[in-house]
Amino acid sequence: SKARAFGLDVRMTSDMAKVMGYVADKIHTVADDELEMLKGSGVPLRYGFASFVDTHTIKVVPREGEGEGKGGGAAQLIKARTFILCVGAGPALPPIAGLVDVPHHTYESIFTLKKRPESMCVIGGGVI
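Residues numbered from 1 in each chain as written. Predicted model: local features only at pLDDT ≥ 70, side-chain atom pairs only at ≥ 80, totals over all residues. Heavy atoms only, no water.

In terms of regular secondary structure, the chain is built from one helix and three strands. Walking the chain from its N terminus toward its C terminus, one meets helices and strands in the order α-β-β-β. Its C-alpha atoms give the chain a radius of gyration of 21 Å, clearly above 14 Å, the size a compact globule of 128 residues would have. C-alpha atoms of the chain, sized along the principal axes, occupy 60 × 35 × 30 Å. Partitioning the contacts of the chain with sequence separation of at least 6, the portion at a separation of at least 24 is 26%. Of the roughly 10,900 Å² of accessible surface on the chain, 60% is carried by carbon and sulfur atoms. Computing the positive centroid from 15 side-chain charges and the negative centroid from 14, the chain places the two 4 Å apart. (Helix = DSSP H or I, 4+ residues; strand = E, 2+ residues; numbered from the N terminus. Rg over C-alpha atoms; globule rule 2.2 N^0.38 Å. Contact = heavy atoms within 4.5 Å. Areas by Shrake-Rupley, 256 points an atom, 1.4 Å probe, with all protein chains shown as cover. Lys, Arg positive; Asp, Glu negative; His and termini not counted. Charge placed at Lys NZ, Arg CZ, Asp CG, Glu CD.)

Encoded structure:
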């Protein structure tokens, strides 16, 4: 191991099922806590596709299966002084030649590992 070159003796074992269960629990706990905090604060929540009409108005088109009659429903125009937009995210691969041709993980797929990798290089990183 390269750690020995630095005078380190690193031995690690892991129960990946437990590790992944812990991570999944924490992700859902944070999401649930934030949702409850917003609801408890009286913040009205809307789900769907949003676009700004002007600086104080957004148009929200409910997603299929949500909204009036669960068929998507009618678009809503919502006026406010301030908006909190939770838009979600998706992984973005860095422009590294050959990356798409080799096995790699993103912040979405890393949590599906069943076995601890022998080695790993992390490029970038965010709050996750």
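Our next topic: the packing of aromatic side chains. Scanning the entire structure with this criterion turns up one aromatic pair. Centroid distance Phe-52 to Phe-83: 5.7 Å. Interplanar angle 85°. Geometry classified as edge-to-face. Within this pair, whereas Phe-52 is found in strand 1 (residues 49-54), its partner Phe-83 is found in the segment after strand 3 (76-79), the two being separated by 31 residues in sequence. (Phe/Tyr/Trp six-rings, centres within 6.5 Å; stacked < 30°, edge-to-face > 60°.)

On to the pairing of strand 1. Bridging between strand 1 and strand 2 (residues 57-61) involves five bridges; their strand directions are antiparallel. Across the sheet, the residue bridging to Asp-54 is Thr-57, located in strand 2. Where strand 1 hands over to strand 2, the hairpin turn is made up of two residues, counted between the paired strands. (Pairing = 2+ DSSP bridges.)

Strand order in the open sheet formed by three strands is 1-2-3, with antiparallel pairing between adjacent strands. Two strands lie at the open edges of the sheet, namely strand 1 and strand 3, each paired on one side alone. The average undirected angle you get between the axes of adjacent strands in this sheet is 30°. (Axes fitted to C-alpha atoms, helices over the stretch in contact; angles between N-to-C directions.)

Taken together, the side chains of Phe-6, Leu-8 and Val-10 define a hydrophobic patch exposed on the protein surface, amounting to about 360 Å² of accessible area. If you trace the backbone, Leu-8 turns up in the segment before helix 1 (16-40). (Patch = residues over 30% accessible without salt bridge, like charges linked within 9 Å, V, L, I, M, F, W, Y side chains within 5 Å. Salt bridge = Lys/Arg side-chain N within 4 Å of Asp/Glu carboxyl O.)

Each pocket or cavity is described by its volume, and for the largest pocket that value is around 1,400 Å³. Leu-38, Ile-84, Leu-85, Cys-86 and Val-87 are, among the 33 residues lining the largest pocket, the residues nearest its centre. Sorting the residues of the lining of the largest pocket by element identifies helix 1 and strand 2 as the ones contributing at least two each. In terms of residue count, the dominant contributor to the lining of the largest pocket is helix 1 (eight residues). Class assignment of the residues belonging to the lining of the largest pocket gives a composition of 25 nonpolar, three polar and five charged. (1 Å grid on protein atoms, 1.4 Å probe; cavity = no way out; pocket = protein on both sides within 12 Å on 5 of 7 lines; lining within 4 Å. Points joined across faces, edges and corners; volume = space filled by probe spheres on them. Nonpolar A, V, L, I, M, F, W, Y, C, P; charged D, E, K, R; others polar.)

Let's shift gears to helix 1. The first and last C-alpha atoms of helix 1 sit 35 Å apart over 25 residues, in line with the 36 Å expected at 1.5 Å per residue. Along helix 1, the residues classified as buried are Met-16, Met-20 and Leu-38. Two residues or fewer past helix 1, Gly-42 is found with a positive phi of approximately 80°. (Expected span 1.5 Å × (residues − 1). Buried < 20%, exposed > 50% of the residue type's maximum accessible area, 1.4 Å probe, protein only.)

Assignment of secondary structure puts Gly-88 in the segment after strand 3. A residue is classified by how much of its surface remains accessible, and Gly-88, at 58% relative accessible area, is exposed. When the C-alpha positions of Gly-88 and Lys-115 are compared, they lie 28 Å apart, and in sequence the two are 27 residues distant.

Everything listed here is a matter of coordinates, which is why it stays silent on function.
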